[in-house]
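Take a look at the letters that make up each chain.
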Amino acid sequence: MPKIRIRYLSDKIEKLRYIDGKSDWIDLRAAETVELKAGESRYIPLGVAMVLPQGYEAHVLPRSSTFRNYGILMSNSMGVVDESYCGDADEWKMPVYATRDCRIEANDRIAQFRIMEHQPAIEFEECESLGNPSRGGFGSTGKQ
């Protein structure tokens, strides 16, 4: 089992743990109380710095209830923290945009993360045909 060295930069947040035994994602909490007006953006400190194992990265996303509860959107859609961001002051933060006035209290669960192995090295091979019929449309629906 990989070990992650963690430094807590706030005494206002609970220690990290898996999400109530329901998932392999781990909640991240606001490290300070933040008030935002509609249209404002800022980085919300999450109160942790970590040393991820070599060959791993963390995928940071908002919790499913974050928009409903606070009206904030993670402005980069998804954060990726690689193992090089590992210094004592390399605090994880969540960039947000407020769609309405809101107040986020210190220790509120606003984000979640999991660690993933880096994508293996790949090579692209250019060709004239992929050799498969086209489905048409977009994404998994095949509809335009």
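Placed above this text is the structure.
What this report covers is the structure whose coordinates are included nearby. (Residues numbered from 1 in each chain as written. Predicted model: local features only at pLDDT ≥ 70, side-chain atom pairs only at ≥ 80, totals over all residues. Heavy atoms only, no water.)

Glycine aside, residues mostly have negative phi angles, and peptide bonds mostly take the trans form. With a phi angle near 70°, Ser-77 is a residue other than glycine that sits in the positive phi range. In this fold, Ser-77 is placed in the loop between β7 (72–74) and β8 (79–82). On the basis of relative accessible area, Ser-77 is assigned to the exposed category, the value being 55%. Non-glycine residue Asn-107 carries a positive phi angle of around 85°. For Asn-107, the position within the fold is in the loop between β10 (102–104) and β11 (109–117). (Helix = DSSP H or I, 4+ residues; strand = E, 2+ residues; numbered from the N terminus. Buried < 20%, exposed > 50% of the residue type's maximum accessible area, 1.4 Å probe, protein only.)

Counting 27 residues, the largest nonpolar core has Ile-72, Trp-92 and Ile-110 as its most contacted members. Contributions of two or more residues to this core are made by β2 (26–29), β3 (34–36), β5 (48–51), β6 (56–62), β7, β9 (93–98), β10 and β11. What Ile-72 contacts, discounting residues up to four positions off in sequence, is Leu-36, Ile-44, Thr-66, Phe-67, Val-96, Tyr-97, Ala-98, Cys-102 and Ile-104. (Core = buried A, V, L, I, M, F, W, Y, C linked by side-chain atoms within 4.5 Å. Contact = heavy atoms within 4.5 Å.)

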